[in-house]
Each structure stands twice: as C-alpha cells, then as structure tokens.
Amino acid sequence: MSIYTQISSNNRKTWLLMSLFFVVIVVLAWFLSEYFQSPQILYFAVGFSLLMNVFSYWYSDKVVLALSHAKPIDFKDKPELYRLVENLCITAGLPMPKIYIINDKSPNAFATGRNKEHAAIAVTSGLLEILDRSELEGVIAHELSHIGNKDILISTIVAVLVGFIVILSDWTWRLSFWGSKRDDRENGQLNALFMFIGLILVLLSPLFAILIQLAISRKREFLADSTGALLTRYPEGLACALEKIADFPIGLKAANNSTAHLFIANPFKADTKNAKQISWLAKLFMTHPPIEERIKILREMSV
C-alpha cells in the first residue's frame, strides 16, 4: 500500500466512523420519541448535538490548553523552536500557529484549534530537552499535519458526540421507568419489550461510542505520521522521536482522559510500544496505535 493510498483509506474510515456516531444518536432519540409518542424528542436530540458541536468548535482549544497548563511563548522565548515551526509552516502552506510550552519533563506534544487560521501547537519542556533537530522537526510536522488534516476539529466533534450519547442513553434508561405513552400502553408485554430495548441501548451505546472515538483517534495518528513524514521528507526523524518518547519512563502530569487522545503518544505511559504483545481486545481501548507499529510504517517509507 502506498503512502497516498494509506492516507485516502484512513480518511474514508474516519468519516465512516463519524457517520456511525450520528446513527447511534438518531437510534437512541428515535427510541425515546417512539416510546413517548413525541417526535419533538428526536428533533431536540439532533439539534442539541449540532449545537454542542458549534460550541466545541469555538472554545475547545482554550479548554484543552488550560487543562494542560500550557503557556504561550513568542520568538524571543524560544527562537530556535519558533524558526523550526515557521519553516515547516512555509513548506506545508499553513499559517503560523500559536506556540505553547508545557513545563513537564515527560516528552510529548499536541495540536489544537478550530481551523488552520486559529491553531496552536503545545510541546513539553522535556520534548525540547531530549530530541535533536531532525527528531523535533518530525514531531512538529506530525502536529502540523493534524492541523492541515483538520484532525483537531474531528476529534473535538467526536468527543462531544461521545458525551451526548452517554447523556442520551442515561435519559433513555431513566425515562423508560415512567412508562410508555403509546395508545397500547396498557399492554404490559409491549412496555416490557421497550424497557428491554432501552436497557440494551443504555448498556451498549456509550461503549460503542467510546470504541468509535478511539478508533478515529488511532486512524488520525497513522495519517498524521504519514503526512508529517512527507512534509519533512525524512521519516526516520519522527521514528527516532517516537522511540525516545516511548522509552521515557514518566508520564505527563497534566494529562487526563479527555485530552489524552490529542497527544502524539500516550501521555499515561501505558505499555503500548510492542504491538506483538498487545491483544486485539486491548487495542480496541487504546487512544493511540502501538508505537512499534507506527515506527515500522515510518521506516518502511524510508526504504
């Protein structure tokens, strides 16, 4: 598979998975509207999910940067880093993003922002200490690829949809105890069936939504690795950077479950380096693909 075929395949799979999100929301909302014979519930659910996406579009970057304790810098603070980002932006045809530093020894980085004109890249102080220039270029190119590929917007929308599905499934379960308003509401068997369906939706929908979120995150990491390597024309730089990041023994203090998928590597330092030792079930719940697998693909690009 060529690099361009891989990029195209990852994009198709991402949009397919996002479509499944909306299907889950519509199914949950339809069940509630049918159970209570109120189509307004369906309209509200779809409208509210769209409204939450609009809100997250405008404010997600500020929330993520605040949660990560990232501090803005300019040219005089880190001139070498600033020039490196600026040069890669010129090569990629992207506007210069804002640059942030996270004061933490654990090497990591992430990109955020609603679009390429309003984007930011955050790197840890530990990343700047352990990487040489070519490795740092690989990491920055990876993060710029996330911006250019609109991954941040997709990740934000997905996170909002996951939260909404959890809330909607909880409503489904609670409201099912209030009883149906259907014409045949006296039919105990029918109400029992609807309660059973509601229970299945409550139990499976949040899990299904989270699995879709993680799958999208992993696909976007492969895509950013590939496009970042194309940008620097030196895949080995990013491969070596990922090795150093994976080998660092301490996790990122500011990381949390809501932002972990944004970083270039798992900030909790879970053992995700050796792909052969990870079961297929464990992979389903990983925010990032195994680093060994990512490094292998990058080094195959160098051949």
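Residues numbered from 1 in each chain as written. Predicted model: local features only at pLDDT ≥ 70, side-chain atom pairs only at ≥ 80, totals over all residues. Heavy atoms only, no water.

A. Structural view of a nonpolar patch on the surface. On the surface, a nonpolar cluster with roughly 590 Å² of combined accessible area is contributed by Val54, Phe55, Trp58, Tyr59, Val63 and Leu67. Residue placement: Tyr59 occurs in helix 2 (residues 39–67). Classification of Tyr59 as partly exposed rests on a relative accessible area of 45%. (Patch = residues over 30% accessible without salt bridge, like charges linked within 9 Å, V, L, I, M, F, W, Y side chains within 5 Å. Areas by Shrake-Rupley, 256 points an atom, 1.4 Å probe, with all protein chains shown as cover. Salt bridge = Lys/Arg side-chain N within 4 Å of Asp/Glu carboxyl O. Helix = DSSP H or I, 4+ residues; strand = E, 2+ residues; numbered from the N terminus. Buried < 20%, exposed > 50% of the residue type's maximum accessible area, 1.4 Å probe, protein only.)

B. Examining helix 5 (residues 133–148) more closely. For helix 5, with 16 residues, the first-to-last C-alpha span of 22 Å sits near the 22 Å given by 1.5 Å per residue. With 12 of its 16 residues buried, helix 5 lies for the most part within the structure. Taken as a whole, helix 5 has its buried residues at Glu135, Leu136, Gly138, Val139, Ile140, Ala141, His142, Glu143, Leu144, Ser145, His146 and Ile147. Of the residues flanking the end of helix 5, it is Lys150, one or two places downstream, whose phi is positive at about 60 degrees. (Expected span 1.5 Å × (residues − 1).)

C. A look at the nonpolar core. Grouped together as the largest cluster of nonpolar side chains are 35 residues, with contacts concentrated most on Leu81, Val123, Leu127, Val139, Ile140 and Leu144. Listing elements by their share of this core, those giving two or more residues are helix 3 (79–92), strand 2 (98–102), strand 3 (109–115), strand 4 (118–124), helix 5, helix 7 (188–232), helix 8 (235–247) and helix 10 (291–302). No other element matches the 6 residues that helix 5 contributes to this core. One finds Tyr35, Phe36, Val162 and Leu168 within the second-largest nonpolar core, a separate group that totals 17 residues. (Core = buried A, V, L, I, M, F, W, Y, C linked by side-chain atoms within 4.5 Å.)

D. Fine view of the packing of helix 3 against helix 5. Their axes nearest at 10 Å, the elements helix 3 and helix 5 cross at an angle of 55 degrees. Classified by the interaxial angle, the pair formed by helix 3 and helix 5 is oblique. Helix-helix and strand crossings are classified by hand; for helix 3 and helix 5 the assignment is right-handed. Residues Glu80, Leu81, Leu84, Val85, Asn87, Leu88 and Cys89 of helix 3 form the contact with helix 5, whose own contacting residues are Arg133, Leu136, Glu137, Ile140, Ala141 and Leu144. Among the residues forming the contact of helix 3 with helix 5, the class breakdown is 9 nonpolar, 1 polar and 3 charged. (Axes fitted to C-alpha atoms, helices over the stretch in contact; angles between N-to-C directions. Parallel < 35°, antiparallel > 145°, perpendicular 65-115°, else oblique. Left-handed = near helix turned anticlockwise from the far one by under 90°. Contact = heavy atoms within 4.5 Å. Nonpolar A, V, L, I, M, F, W, Y, C, P; charged D, E, K, R; others polar.)

E. Region of the structure containing the sheet that holds strand 3. Here we have 4 strands laid out as an open sheet, ordered 1-2-4-3, and mixed in their pairing. Whereas interior strands pair on both sides, the edge strands pair on one side only; in this sheet they are strand 1 (70–73) and strand 3. Averaged over all pairs of adjacent strands, the angle between their axes in this sheet comes to 30 degrees, without regard to strand direction. Alignment of strand 3 against strand 4, held across 6 bridges, turns out to be antiparallel. Note on strand 4: the bridge partner recorded for Asn115 is His118. On top of the sheet, helix 3 reaches strand 1, strand 2 and strand 4; it is set at about 135 degrees to strand 2, its chief contact. (Pairing = 2+ DSSP bridges.)

F. Just the packing of helix 8 against helix 10, in detail. It is the contact of helix 8 with helix 10, at a shortest axis distance of 8 Å, that shows an interaxial angle of 160 degrees. Classified by the angle their axes make, helix 8 and helix 10 are roughly antiparallel. Like other packed secondary-structure pairs, helix 8 and helix 10 cross with a definite hand, here left-handed. Counting all contacts with helix 8, which are made through Pro235, Glu236, Leu238, Ala239, Cys240, Leu242, Glu243 and Ala246, the residues of helix 10 involved are Ile291, Arg294, Ile295, Leu298, Arg299, Met301 and Ser302.

G. Geometry of the pairing of strand 4. Counting buried positions along strand 4 yields 6 of 7 residues, so the element is predominantly enclosed. One ladder, built from 5 bridges, connects strand 2 with strand 4; its direction is parallel. Looking at the pairing, Ile101 lines up with Val123 of strand 4. Taking the residues that link successive antiparallel strands as the turn, the strand 3-strand 4 hairpin has 2 residues.

H. Broad picture of the pattern of salt bridges. For the structure shown, the criterion picks out 10 salt bridges. A salt bridge links Glu221 to Arg294; its shortest N-O distance comes to 3.4 Å. Placement of Glu221 in helix 7 and of Arg294 in helix 10 is noted, with a sequence separation of 73 residues between them. You can call Arg294 buried: its relative accessible area is 1%. Taken together, the salt bridges that share partners define one network made up of Glu221, Asp225 and Arg294.

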